[in-house]
Amino acid sequence: MYSISQNIDSLIRDKEFLENKHENYDLMIHRWNFYLRSYLGGEEYRSGSFLHEYAMELDIEYQNRINYTPIDNHCRNIISIYSSFLFRVPPTREYGSLQDDPSLESFLNDTDLDGQNFNAFMKNAQTYSSVYGNVWIFVDKPESNAQTRAEELSQDIRPYLTMITPDNVMDWNYVRAASGKYILDYIKVREEVTSDGSYYRMWTPNEISYVFVPERGKPKTLEVKPNQIGKIPAICLYNKRSPRLGVGISDLTDVALLQQSIYNELSEMEQLIRLSNHPSLVKTQGVEASAGAGSVIEMPEDLQADLKPYIIQPSAQSLDSIMNSISMKVDAINRITHMGSVRATEKTINSGIALQTEFQLLNARLSEKADLLENAEEQIWSFFAKWQNKTFDGQIDYPDTFDLRDYAADLQFLQVAKASGVKSDTYTKEI
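This text gives an overview of the structure that appears in the document. Model, not experiment: these values are computed from the prediction.

1. Some remarks on the overall build of the chain
Looking only at helices and strands, the chain has 14 helices and 12 strands in total. When the 431 residues of the chain are sorted by exposure, 41% land in the buried category. Residue pairs in contact within the chain that sit at least 24 positions apart in sequence constitute 64% of those at least 6 positions apart. Surface exposure of the chain reaches about 24,600 Å², of which carbon and sulfur atoms provide 49%.

Set out below in structure tokens:
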């Protein structure tokens with residue numbers, strides 16, 4: 001175990017330290033890979049080989065099953081719905097003393113120096129925090145030889161944001177301050193992997209180091225520069241907090257497993273349909289026949305009766321049970337995510353109380369996400385102000401409620417209430 005309070009110069013010469021990973025990284029990396037592939041679907045999901053292999057199945061047979069099996073991507077659908085609700089109403093921002101900052105408009109229009117505006121950046125960060133459980137957001141500022149603020153503005157030198165997914169944050173360390181607050185005092189980010197080795201950037205409150213670790217040989221320090229703001233400008237955006245610092249809880253924790261189970265059952269359905277429509281022909285070597293439609297079977301006249309060719313055709317009756325199993329798992333996904341009514345594709349009979357309860361559960365989950373986004377954004381603006389030698393005194397406000405209303409049903413209910421004949425001025429006024 002290394003002490004981060006040591007001089008970072010002595011540590012970056014140690015290859016073991018550079019390749020060291022946080023204990024929670026080793027615990028979570030396989031889950032993160034599973035969640036990401038489950039969200040992306042398509043070829044990424046197929047290459048994950050999430051189908052169960054049959055006993056004595058050949059590699060080419062297994063690969064063919066993967067190629068023939070469709071993917072019903074519930075993970076992406078769930079996260080897209082969450083995101084659409086969260087950003088249906090944009091957050092309200094009061095920038096305080098930053099309102100007159102000349103860099104503010106440029107930052108809002110191009111937050112990551114790649115053309116993405118601030119709202120789009122936050123929506124993208126929230127999406128991937130839902131997948132992984134958390135993402136890291138760095139608030140950095142390019143180095144410049146500008147002598148004055150005016151020169152910086154003319155060169156568009158200003159803070160910008162970078163989102164780093166947790167599978168590239170190899171190590172981190174929190175310390176408890178005298179106030180009881182946990183402060184990030186070290187973080188190591190893998191920026192690039194090449195055939196020759198890996199590039200790492202390490203942050204401490206005092207300095208920032210950029211190091212190349214070759215596959216063989218000693219590490220090489222490419223750059224060391226002072227940390228101008230005295231803090232590590234990294235914010236951990238949680239989807240939902242967990243007991244582990246720097247690790248959140250993904251929305252796909254249970255949904256991805258159910259999706260994998262559905263994926264395997266879709267493979268069983270494909271196999272069953274193909275085998276029942278194309279039965280296997282069993283024959284001796286001397287019999288000339290094919291299993292195609294309208295084929296002719298030629299048998300030797302002296303063939304024994306017990307050696308006559310016959311067809312093996314499995315029953316398709318189990319298709320219904322597989323389809324029922326898939327339907328139950330889709331219902332389980334809707335129940336886990338509180339989206340039974342939102343994702344319903346068939347007309348179901350639910351009481352008003354049942355619908356209202358489900359909407360309240362969904363609303364509570366979305367409100368929790370909004371609070372974590374609000375907290376992360378306040379930290380972002382604090383670091384933005386610190387890079388500009390200012391203090392953030394503004395306010396960020398995300399919606400507190402995401403309640404869904406069926407206005408047509410409300411209108412019909414009020415019309416019935418108005419026609420009920422109750423003679424009361426107060427009653428009529430409320431309607």
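2. A few points about the sheet that holds strand 6 (residues 197–203)
The strand order 4-5-6-7-8 describes an open sheet built from five strands, whose pairing is antiparallel. Two strands in the sheet have a free side with no partner beyond their single neighbour: strand 4 (169–176) and strand 8 (220–226). Between one strand axis and the next, the sheet turns through 15 degrees on average, direction left out of account. Pairing of strand 5 (residues 182–193) with strand 6, which is carried by six bridges, proceeds in the antiparallel orientation. Across the sheet, the residue bridging to Lys 188 is Met 202, located in strand 6.

3. Concerning the packing of helix 3 (residues 23–40) against helix 8 (residues 118–132)
Helix 8 packs onto helix 3 with a crossing angle of 125 degrees between their chain directions and a minimal axis gap of 8 Å. In terms of their interaxial angle, helix 3 and helix 8 are classed as oblique. Contacts between helix 3 and helix 8 involve Trp 32, Tyr 35, Leu 36 and Tyr 39 on the former and, on the latter, Thr 127, Tyr 128, Val 131 and Tyr 132. Split into classes, the residues belonging to the contact of helix 3 with helix 8 amount to seven nonpolar, one polar and no charged.

4. Digging into the sheet that holds strand 2 (residues 134–140)
Strand order across the open sheet formed by three strands is 3-2-9, with antiparallel pairing between neighbours. The sheet is open, and its two edges are formed by strand 3 (160–164) and strand 9 (234–238), each paired on a single side. When the angles between neighbouring strand axes are averaged without regard to direction, this sheet yields 25 degrees. Two strands pair when backbone bridges link them, and strand 2 and strand 9 are joined in this way by five bridges, in the antiparallel orientation. Following the sheet pairing, Trp 136 is matched in strand 9 by Cys 236. Sheet strands touched by helix 8: strand 2, strand 3 and strand 9. Its angle to strand 2, the strand with the most contacts, is close to 145 degrees.

Criteria and thresholds
Just so you know, the residues in each chain are numbered from 1, in the order the chain's sequence is written. Residue-level local features of this predicted model are given only where pLDDT is at least 70; pairs of side-chain atoms are given and counted only at 80 or more, and the full residue set underlies all totals for whole chains, interfaces and linings. Heavy atoms throughout the structure, all of them, feed into the side-chain values; hydrogens and water do not. Secondary structure elements are defined from DSSP: runs of H or I of at least 4 residues count as helices, runs of E of at least 2 residues count as strands, and each element is numbered from the N terminus. We call a residue buried when its accessible area falls under 20% of the maximum for its residue type, exposed when it is over 50%, and partly exposed in between, using a 1.4 Å probe and counting protein chains only. Contacts were defined at the residue level, with two residues in contact if any of their heavy atoms lie within 4.5 Å. The accessible surface values rely on the Shrake-Rupley method and a 1.4 Å probe; as for residues, cover is taken only from the protein chains in view. Strands are treated as partners if at least two bridges between them are detected by DSSP. Lines are fitted to the C-alpha atoms to define the axes, a helix being fitted only along its stretch in contact, and any angle between axes, read from their N-to-C directions, falls within 0 to 180 degrees. Here roughly perpendicular refers to angles of 65 to 115 degrees, roughly parallel to angles under 35, roughly antiparallel to angles over 145, and oblique to all remaining angles. Lys, Arg, Asp and Glu make up the charged group, whereas Ala, Val, Leu, Ile, Met, Phe, Trp, Tyr, Cys and Pro make up the nonpolar group; the residues left over, Gly among them, are polar.

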